[in-house]
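# Descriptive structure summary
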Amino acid sequence: MNSSENLFSKFLQSKSIFKNREALTISFSPENIPHREKQINDLGRILAPALKGGRPSNVFLYGRTGTGKTLISNFVGSELEKISENNGQTIKVLYVNCKMKRTADTEYRLMAYLSKMLGKVVPFTGLPTDQIYKAFFETLDEKKQTVILIIDEIDALVEKTGDEILYNLTRINQDLKNSKVSLIGITNSLGFIESLDPRIKSSLSEEELIFPPYNALQLQDILRGRASVAFIPGMLEPGVIEKCAALAAQEHGDARRALDLLRVAGELVERNTEQKVTVKHVDVAQEKIDIDRILETVKAQPRQSQAVLFSIIELAEKNKEIQTGEVYDNYQEICKKHGFKILTTRRVSDLIAELDLFGIINTKIISKGRYGRTRIISLGLSSSIIKKLKKLLYEIFL
Ligand SMILES: Nc1ncnc2c1ncn2[C@@H]1O[C@H](COP(=O)(O)OP(=O)(O)OP(=O)(O)O)[C@@H](O)[C@H]1O
Ligand SMILES: [Mg+2]
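Residues numbered from 1 in each chain as written. Chains lettered and ligands numbered in written order. Predicted model: local features only at pLDDT ≥ 70, side-chain atom pairs only at ≥ 80, totals over all residues. Heavy atoms only, no water.

## A closer look at the overall build of the chain
The helix and strand inventory of the chain stands at 17 helices and eight strands. Burial analysis of the chain (398 residues in total) assigns 45% to the buried set. Put simply, of all contacts in the chain between residues at least 6 apart along the chain, 70% involve residues at least 24 apart. Summed over its atoms, the accessible surface of the chain is roughly 21,000 Å², and 51% of this surface lies on carbon and sulfur atoms. The chain carries 57 positive and 50 negative side-chain charges, and their two centres are separated by 2 Å. (Helix = DSSP H or I, 4+ residues; strand = E, 2+ residues; numbered from the N terminus. Buried < 20%, exposed > 50% of the residue type's maximum accessible area, 1.4 Å probe, protein only. Contact = heavy atoms within 4.5 Å. Areas by Shrake-Rupley, 256 points an atom, 1.4 Å probe, with all protein chains shown as cover. Lys, Arg positive; Asp, Glu negative; His and termini not counted. Charge placed at Lys NZ, Arg CZ, Asp CG, Glu CD.)

If you want it as structure tokens, here you go:
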């Protein structure tokens, strides 16, 4: 046997524990959607007038991450399209995720994208903005139709392009002769809707649907449904589903997290050519997901923020609790060494607060009696994450 056969033979001989791994990913559309009957029915009721030629109210969906907003809006949207086809009506549901690069980075791009989805190819750059609006508008109004426009992660759109585009979209029906447009706005940023211009807010949220977090028992039902499609029967030890559900319930009832835990646990088993998924694998999966998330966050930070974190990590090797002043002194050294501009204590304080917000460090303010107050910083991470983080930062800085 040659060595490459050796290398892979164990893997080839072991049977996959997965029947359909895709069923645990975000792109999968599950047949059963437990614990969202109310939201499905409410959204159906709101959109139903489209079947009789009316314009459905605009609706705003909000709830924390992983509570099924994207899933339910797409599900109800596609059911509506199906029924309208049978009825000989034209209802089109257009979905856009505003976090997606290149589709909603600018007002122009979004209008070009929407036009394309309506079947009209427009240049992706070059036209003046009013022309692209005109192209979209004309395509929309070419025939009698109701267009439901799902604007997912709508807060990202406003962050990138401002709110003018929403204003224009909420006013569009005034000028349309043949078609009608309804908007479904989705966000997990609870403050977003309050921050909107009141005129836009009132027209966007003619109706509102709230997606509460799932509790552990609901997450178990969701996981069981997906696991039965994903795994070959008998591959999950008792307690695995419960553990994934319990951990995700702590993370504010996030179904995506629950599914990620189960998927990663399964992948660990497969990689190690083990037999079954156990609760231990779920623990390792949790740790792996946390590490990946933290490393990704740190990688995406600007150099200055990485330098502040580097300073904290160096100090944390000697002391469990660190004071802001020490962080700043060490940070200055790092900047000098690497030729970075040195930011003010104020800016560094902001960066420290940000790292806290990302969950990478912990800070607390303590009173030092008549010496005033100071901020104490600690690294609230497991030692294996700190090790990986150190490696990453050393690679960046050394
Ligand atoms: N009730 C449910 N039944 C089955 N799967 C579900 C259910 N709710 C959510 N999911 C699954 O959980 C994952 C997250 O759901 P979804 O993407 O809809 O969340 P979201 O509310 O849009 O989150 P975000 O605000 O982060 O975009 C998806 O894989 C989805 O299929
Ligand atoms: Mg979503």
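## Quick word on helix 4 (residues 107-117)
Counting buried positions along helix 4 gives eight out of 11 residues, so the element sits mostly inside the fold. When helix 4 is considered as a whole, its buried residues turn out to be Glu107, Tyr108, Leu110, Met111, Ala112, Tyr113, Leu114 and Ser115. Buried residues along helix 4 sit against strand 2 (91-97), helix 5 (129-140), strand 3 (146-152), helix 6 (154-161) and helix 7 (164-171). A positive phi of about 100° marks Gly119, the residue just after helix 4.

## Let's talk about the layout of surface pockets
The computed volume of the largest pocket comes to approximately 1,100 Å³. Lining the largest pocket are 42 residues; nearest its centre among them are Ile26, Gly66, Thr70, Leu71 and Arg256. Sorting the residues of the lining of the largest pocket by element identifies helix 3 (69-86), strand 2, strand 4 (180-187), helix 10 (216-230) and helix 12 (255-271) as the ones contributing at least two each. A class-by-class count of the residues in the lining of the largest pocket yields 15 nonpolar, 16 polar and 11 charged. The residue makeup of the lining of the largest pocket includes at least three contributed by each of domain 1 (3-16 + 214-297) and domain 2 (37-211). In this structure, the second largest pocket is lined by 16 residues; those nearest its centre are Glu251, Arg257, Arg293, Thr297 and Phe358. (1 Å grid on protein atoms, 1.4 Å probe; cavity = no way out; pocket = protein on both sides within 12 Å on 5 of 7 lines; lining within 4 Å. Points joined across faces, edges and corners; volume = space filled by probe spheres on them. Nonpolar A, V, L, I, M, F, W, Y, C, P; charged D, E, K, R; others polar. Domains from an automatic or database assignment.)

## Concerning the sheet that holds strand 4
Strand order in the open sheet formed by five strands is 2-3-4-1-5, with parallel pairing between adjacent strands. Every other strand in the sheet has two partners, leaving strand 2 and strand 5 (207-211) as the edge strands with one partner each. Averaged over all neighbouring strand pairs, the angle between strand axes comes to 15°, with direction disregarded. Each of strand 1 (59-63), strand 2, strand 3, strand 4 and strand 5 is contacted by helix 3, which is oriented at about 160° to strand 2, the strand it contacts most. (Pairing = 2+ DSSP bridges. Axes fitted to C-alpha atoms, helices over the stretch in contact; angles between N-to-C directions.)

## Quick word on the domain arrangement of the chain
Taken as a whole, the chain is organised into domain 1 (3-16 + 214-297), domain 2 (37-211) and domain 3 (302-397). With centres defined by C-alpha atoms, the gap from domain 1 to domain 3 works out at 34 Å. Contact with domain 1, which involves seven residues of that partner, is made by nine residues of domain 3. Taken together, both faces of the contact between domain 1 and domain 3 bury some 690 Å²; the carbon and sulfur share is 78%. In terms of surface lost to domain 3, no three residues of domain 1 exceed Ile291, Ile294 and Leu295, which account for 66% of the buried area on that side. (Buried area = accessible area lost by both parts, 1.4 Å probe.)

## Concerning the nonpolar core
Of all hydrophobic cores here, the largest spans 38 residues; its most connected members are Ile151 and Leu166. Counting residues per element, this core draws most heavily on helix 4, at six residues. One finds Leu315, Cys335, Ile361 and Leu381 within the second-largest nonpolar core, a separate group that totals 33 residues. (Core = buried A, V, L, I, M, F, W, Y, C linked by side-chain atoms within 4.5 Å.)

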